[in-house]
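Summary of structural features
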Amino acid sequence: MRLAAAGERLTEPRRRVLELLVSAAGPVKAYDLVARFHPDLRVAKPATVYRALQFLETKGLVHRLSTIKSYVSCDPDGLAPPATFLLCECCGACRQIALPPMASLNAAAAATGYAVERVTLEAQGLCAACRPPEPGQA
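What comes next is a walk through the structure. (Residues numbered from 1 in each chain as written. Predicted model: local features only at pLDDT ≥ 70, side-chain atom pairs only at ≥ 80, totals over all residues. Heavy atoms only, no water.)

Considering the overall build of the protein chain
Heads up, the rule is: Under the scheme used here, helices are H or I runs from DSSP no shorter than 4 residues and strands are E runs no shorter than 2 residues, and both carry numbers assigned from the N terminus. Think of it in three bands: residues with accessible area under 20% of the maximum for their type are buried, residues over 50% are exposed, and the middle band is partly exposed, with areas taken using a 1.4 Å probe on protein chains only. Contacts are residue-level and defined by heavy atoms, with any inter-residue pair within 4.5 Å sufficient. All accessible-area figures derive from a Shrake-Rupley calculation using a 1.4 Å probe, and residue coverage is judged against the displayed protein chains alone. Within this scheme the basic residues Lys and Arg register as positive and the acidic residues Asp and Glu register as negative, but His and the chain ends are omitted. Positions of charges follow a simple convention, taking NZ of Lys, CZ of Arg, CG of Asp or CD of Glu.
Secondary structure assignment for the protein chain yields five helices and five strands. Its helices and strands taken in sequence order, the protein chain reads α-α-α-α-β-β-β-β-α-β from the N to the C terminus. Its C-alpha atoms give the protein chain principal-axis dimensions of about 55 × 45 × 25 Å. With 138 residues in all, the protein chain has 25% of them scored as buried. At a minimum sequence separation of 6, the contacts of the protein chain that also span at least 24 residues come to 48%. When the accessible area of the protein chain is evaluated, it comes to approximately 9,200 Å², of which 56% is carbon and sulfur surface. Computed over 16 positive and 12 negative side-chain charges, the inter-centroid distance for the protein chain is 5 Å.

Laid out in C-alpha cells, this is it:
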C-alpha cells in the first residue's frame, strides 16, 4: 500500500474508520462513525474518529463532502483528481465521476499566487431513480 511506501501506518482506529466508510451504502456523518466504531455497545471518543478522518483525508483515502457534512471513501488509484461527486437531494445517493482536467482553475490560482493542492466538486440534484420522467416519456 502506498501508505507504507510513504512511511505512514494504517493504525487500528484509522483502519476501522476506513472499513466503516468502505462498507457504507453512501456518505456517512462523523457522529454516525463514532456511534458505529465499536461492534459492541461502547461509543468511540469523537477525537479518535476525527483524527482518523483527518489522516485518511490528507492521504486521499477519504473525501469530506462539505455540503452535506459527511464523508465517503474513495479509490486513490481510481478516478483522477479533482474529486467530483453527484449528490441526490432525494434519496442521498452519492456517485463519484470523472471531470476534465482543471488547467484553467490551476492557471487562475497561480496568477493570484495560490497553488491548488486538492479540489472537491459537489453537484446536487436528483439521481435517475428519483428524477421524474421527462414530459412525453413514460
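Examining the sheet that holds strand S4 (residues 94–97)
Applied cut-off: At least two DSSP bridges between two strands are needed for those strands to be called paired. To obtain each axis, a line is fitted to C-alpha atoms, and for helices this fit is confined to the stretch in contact; angles are then taken between N-to-C directions over 0 to 180 degrees.
Taken together, three strands build an open sheet; the order of strands is S4-S3-S5 and the sheet is mixed. At either margin of the open sheet sits one strand with a lone partner, and together these are S4 and strand S5 (120–125). Taking each pair of neighbouring strands and ignoring which way they run, the sheet shows an average axis angle of 25°. Bridge analysis of strand S3 (residues 83–88) against S5 gives six bridges, and the strand direction is parallel. Its bridge partner lying in S5, Phe85 is registered against Glu122.

Quick word on the environment of Leu126
Following the sequence through the fold, Leu126 ends up in the segment after S5. In this structure Leu126 touches Cys88, Cys90, Arg131 and Pro132, once residues within four positions along its chain are discounted.

Observations regarding the pattern of salt bridges
Operational definition: We define a salt bridge as a side-chain nitrogen of Lys or Arg found within 4 Å of a carboxyl oxygen belonging to Asp or Glu.
Counted by the stated rule, this structure contains three salt bridges. A salt bridge links Glu12 to Arg15, with the shortest nitrogen-to-oxygen separation between them at 3.7 Å. Residue Glu12 and its partner Arg15 are located together in helix H2 (residues 12–23), separated by three residues, close to a single helical turn. A relative accessible area of 34% places Arg15 in the partly exposed class. Residues Glu19 and Arg16 are paired through a salt bridge, measuring 3.8 Å at the closest nitrogen-oxygen approach. Note that Glu19 and Arg16 are positioned in helix H2 at a spacing of three residues, about one turn of the helix. Taking the relative accessible area as the measure of exposure, Glu19 reaches 40% and is therefore partly exposed. A relative accessible area of 23% means that Arg16 is categorised as partly exposed.

Description of H2
The condition that has to hold: The span you would expect from a helix comes to 1.5 Å times its residue count less one. Throughout, the arc means the angular range of directions from the helix axis out to the C-beta atoms.
For H2, built from twelve residues, the straight-helix expectation of 16 Å at 1.5 Å per residue is met to within 8% by its first-to-last C-alpha distance of 16 Å. Among all positions of H2, only Val17, Leu18, Leu20 and Leu21 are buried. Seen from one end, H2 has its buried residues packed into an arc of 160°, which puts them on one side. Pointing more than 90 degrees away from the buried face of H2 are the exposed residues Glu12, Val22 and Ser23. Buried residues along H2 sit in contact with helix H3 (30–36), helix H4 (46–58), strand S1 (62–65) and strand S2 (70–73).

Some words on the packing of aromatic side chains
Threshold: Aromatic pairing here means that ring centres of Phe, Tyr or Trp (its six-membered ring) are within 6.5 Å. Orientation follows from the plane angle: under 30 degrees is stacked, over 60 is edge-to-face, and everything else is tilted.
Within the structure shown, the criterion is met by one aromatic pair. Between the aromatic rings of Tyr31 and Tyr50, the centroid separation amounts to 6.1 Å while the plane-to-plane angle is 65°, which identifies the pairing as edge-to-face. Pair noted here: Tyr31 is in helix H3 and Tyr50 is in helix H4, with a separation of 19 residues, a long-range link.

Remember that the coordinates give geometry; whether it matters functionally is a separate question.
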